[in-house]
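The residues making up each chain are set out below.
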Amino acid sequence: MQPRTALKLILPWVVVAACAPQDVVAPSGKARFAEYPESLIEAIQATCTGPAQTFSRPDRNSVECREYLPPEPTAAIILTYDGTPQDLPQLVIRFDTRADAPGYLVENNVFLNVPQKQGKPRRVSQVDGRVNRKLDDLYRRAGGVPE
């Protein structure tokens, strides 16, 4: 299985986990790469191409995929977290890379970005072992060693 196929398999698990009303800070997943993880970044970009998805690379070392969720989970998230229907919540999977001898460290964060009626968006992280295992598998397929 290619790294981008593994990422496509992660998204449904994340959507299911995102619908559970928990407001906790999830530990970030980490992996070490001997060289700059370009194949991981390419896989994320190639996978984040759906009509409800947006890929961005704010800088060389950060990438993220944002995805609008189906109507029912979206409505539940808006109600649960006092969001607004004028600016819909999105699932965000973010990867940050930094040089860390003897190679590179990649950390990921998976969270819901829930715009509020007033003020800054609320960031809701979930702890889900299935998602963490899928991300670890993605790291391995891209040549990394999960921590």
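Everything discussed here concerns the structure shown above.
I keep staring at the packing of aromatic side chains and nothing clicks. Help me out?
Each pair of aromatic rings is reported with the distance of its centres and the angle of its planes. Inspection of the entire model under this criterion finds 3 aromatic pairs. Here F33 and Y139 contribute two aromatic rings whose centre-to-centre distance is 6.2 Å and whose plane-to-plane angle is 80°, an arrangement assigned as edge-to-face. With F33 in strand β1 (residues 29–33) and Y139 in helix α4 (residues 129–141), this residue pair connects regions lying 106 residues apart in the sequence. Of the two residues examined, F33 and Y139, each falls in the buried class. For the ring pair F95 and Y139, a centre distance of 6.2 Å and an interplane angle of 90° mean the geometry is edge-to-face.

Help me understand the nonpolar core in this model?
Soluble globular proteins: nonpolar side chains tend toward being buried together. Counting residues in each nonpolar core, the largest one holds 23 residues, and the members touching the most others are F33, L40, F95, L112 and Y139. Counting residues per element, the ones that place at least two in this core are β1, α2 (38–47), β4 (90–100), β5 (103–114) and α4.

Teacher, can you tell me more about the side chain of Q53 here?
Assignment of secondary structure puts Q53 in strand β2 (residues 53–59). Accessibility expressed as a relative area gives 14% for Q53, which makes it buried. Separated by 2.7 Å, the side chain of Q53 and the backbone nitrogen of G50 make a polar contact.

What is the right way to look at the environment of V131 in this model?
Its place among the elements puts V131 in helix α4. A C-alpha to C-alpha distance of 9.8 Å links V131 and G29, two positions 102 residues apart in sequence.

Conventions used here
- Residues numbered from 1 in each chain as written.
- Predicted model: local features only at pLDDT ≥ 70, side-chain atom pairs only at ≥ 80, totals over all residues.
- Heavy atoms only, no water.
- Phe/Tyr/Trp six-rings, centres within 6.5 Å; stacked < 30°, edge-to-face > 60°.
- Helix = DSSP H or I, 4+ residues; strand = E, 2+ residues; numbered from the N terminus.
- Buried < 20%, exposed > 50% of the residue type's maximum accessible area, 1.4 Å probe, protein only.
- Core = buried A, V, L, I, M, F, W, Y, C linked by side-chain atoms within 4.5 Å.
- Polar contact = N/O pair within 3.5 Å; in protein donor to acceptor, adjacent residues only side chain to side chain.

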